[in-house]
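Now for the letters of each chain:
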Amino acid sequence: MREELLEILSKNRPQLVENIDPEHGILNDLLAQNVFTRRQAKTIEVMPDPFRQVEAILDNLRRRPDEDFDKFCNILCKHRQDEVVEKYLKPLKSASSEIDGWFHVFSLQTFPVLKTRPNCSAFFDFGPFFSVKV
């Protein structure tokens, strides 16, 4: 699995363990999609604590290829856990610019929504390196 996905799993592990519901067929789907072997799925299934089940799922997932990460996300969505996927498993979408060797990253949510009338303009000043005229 590529480093970006491993980092997402590590960084968000506490929230994933707390919020993923491992019951209701998730393990069966992971098995059916060849993400886990029958033995891995059975080992996880017999764990009495759902939190430990999720920890085991995440541990096994880390050793799988990128495609299995995508399958896992799709399976969670299928089982109505798409909020977990959106909140904790998808990389952050951000805009970035590189100016004079400085790398600036800013979230698109950082900027307020600008409502203007036609033919009006606004000027956003982001410091000495970057400004935008709209």
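A. Region of interest: the nonpolar core. Grouped together as the largest cluster of nonpolar side chains are 26 residues, with contacts concentrated most on Leu16, Leu30, Phe72 and Leu89. Once residues lying within four places of it in the same chain are set aside, the contact partners of Phe72 are Ile20, Leu30, Ile57, Leu58, Leu61 and Leu89.

B. Quick peek at unusual backbone geometry. We note that Asn34 has phi near 60°; this positive angle belongs to a residue other than glycine. As for its placement among the helices and strands, Asn34 is situated in the loop between helix H3 (26–32) and helix H4 (38–45). A relative accessible area of 58% places Asn34 in the exposed class. For Arg80, which is not glycine, the phi torsion reads 60° and is therefore positive.

C. Up close: the confidence of the model for the protein chain. Mean pLDDT over the protein chain stands at 78; residues scoring 70 or higher make up 68%. This model gives residues 93–125 a pLDDT under 50, and the stretch forms 38 contacts once residues within four places in sequence are excluded.

D. Summary view of helix H5 (residues 50–62). The end-to-end C-alpha separation of H5 is 19 Å, in line with the 18 Å expected for 13 residues at 1.5 Å each. When we look at burial in H5, the residues that qualify are Gln53, Val54, Ala56, Ile57, Leu58, Asn60 and Leu61.

E. Quick look at helix H6 (residues 66–78). Over its 13 residues, H6 runs 19 Å from end to end, which matches the ideal 18 Å to within 8%, given 1.5 Å per residue. Elements that come into contact with the buried residues of H6 comprise helix H1 (3–11), H3, H5 and helix H7 (82–89). Positive phi appears at Arg80, one or two residues downstream of H6, with a value of about 60°.

Scoring rules and cut-offs
Residues numbered from 1 in each chain as written. Predicted model: local features only at pLDDT ≥ 70, side-chain atom pairs only at ≥ 80, totals over all residues. Heavy atoms only, no water. Core = buried A, V, L, I, M, F, W, Y, C linked by side-chain atoms within 4.5 Å. Buried < 20%, exposed > 50% of the residue type's maximum accessible area, 1.4 Å probe, protein only. Contact = heavy atoms within 4.5 Å. Helix = DSSP H or I, 4+ residues; strand = E, 2+ residues; numbered from the N terminus. pLDDT = per-residue confidence, 0-100. Expected span 1.5 Å × (residues − 1).

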